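Listed here are the chains, written in short residue letters.
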Amino acid sequence: MALPSIRTGSNAWILRFLAECEKEGKKVYQKDIEKEFGITRSTASRVLVLMEEKDLIKRLSVEHDARLKKLILTEKSAKLGESM
């Protein structure tokens, strides 16, 4: 089965950022993406929703704050990362 390509550079940058943070054991939230890439909350939200629909990331609720969603890579995005 062929892996789908990542259509935009921003998806690749975000995936790389998430992978680096996971290696360092850091938790990443939407606000971290906004800050790292200098984008607005609405832009970050749109990009992350699309990435979630493409099964590149998952957003998991955290116990200490129902408003926060931790971002993690999916198995599919891990395979894409290996091929890049």
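These figures come from a predicted structure and were not determined experimentally. Starting from 1, residues in each chain are numbered consecutively following that chain's sequence as written. Totals for whole chains, interfaces and linings use all residues, but because this is a predicted model, local features are given only for residues with pLDDT of at least 70 and pairs of side-chain atoms are given and counted only at 80 or more. Side-chain measures were taken over the full set of non-hydrogen atoms in the model, leaving aside hydrogen atoms and water.

S.K.: Tell me about the pattern of salt bridges, and please be specific about residues and values.
M.R.: We define a salt bridge as a side-chain nitrogen of Lys or Arg found within 4 Å of a carboxyl oxygen belonging to Asp or Glu. Scanning the entire structure with this criterion turns up 3 salt bridges. Lysine 26 is paired through a salt bridge with glutamate 24; the nearest N and O atoms lie 3.0 Å apart. To sort residues, take the accessible area from a 1.4 Å probe on protein chains only and compare it with the maximum for the residue type: under 20% means buried, over 50% means exposed, and anything in between is partly exposed. With relative accessibility at 53%, the residue glutamate 24 sits in the exposed group. Across the pair arginine 59 and glutamate 52 runs a salt bridge, and its minimum N-O distance is 3.2 Å. Arginine 59 sits in the partly exposed class, given a relative accessible area of 23%.

S.K.: Tell me about the confidence of the model for the protein, and name the residues and values.
M.R.: In the predicted model, the protein carries a mean pLDDT of 87, and 86% of its residues have values of at least 70. Ranking the helices and strands of the protein by mean pLDDT puts helix H2 (residues 30-37) first, with 96, and helix H4 (residues 75-83) last, with 76. Low pLDDT, under 50, characterises residues 1-6; the stretch is placed with 10 contacts to residues that sit more than four places away or in other chains. Here pLDDT means the predictor's own confidence in every residue, given as a number from 0 to 100. Working definition: helices are DSSP H or I runs of at least four residues, strands are E runs of at least two. Numbering for both runs from the N terminus. Two residues qualify as a contact provided that any one of their heavy atoms is within 4.5 Å of a heavy atom in the partner residue.

S.K.: Quick rundown of the side chain of glutamine 30? Include the residues and the values.
M.R.: Topologically, glutamine 30 is positioned in helix H2. The exposure class of glutamine 30 is buried, given its relative accessible area of 18%. Polar contact is the term for a pair of N or O atoms within 3.5 Å; when the atoms are in protein, one must be able to donate a hydrogen and the other to accept it, and sequence-neighboring residues count only if both atoms are side-chain atoms. Within the structure, glutamine 30 has its side chain in polar contact with the side chain of glutamate 34 (distance 2.9 Å).

S.K.: I'd love a proper account of the packing of helix H1 (residues 9-23) against H2, names of residues and values included.
M.R.: Between two packed helices, what matters for the description is the angle formed by their axes and the separation of those axes. Helix axes are fitted only over the stretch in contact, all axes being lines through C-alpha atoms; the angle between N-to-C directions runs from 0 to 180 degrees. The N-to-C vectors of H1 and H2 enclose an angle of 115°; their axes lie 11 Å apart at closest approach. Crossing of H1 against H2: the hand is right-handed. Of the residues in H2, those in contact with Trp13, Ile14, Phe17 and Leu18 of H1 are Asp32, Ile33, Glu36 and Phe37. Of the residues in the contact of H1 with H2, the class split is 6 nonpolar, no polar and 2 charged. Throughout, a crossing is termed right-handed when the near helix is turned clockwise from the far one, and left-handed when it is turned anticlockwise from it by less than a right angle. Each residue gets one label: Ala, Val, Leu, Ile, Met, Phe, Trp, Tyr, Cys and Pro are nonpolar, Asp, Glu, Lys and Arg are charged, and the others, such as Gly, are polar.

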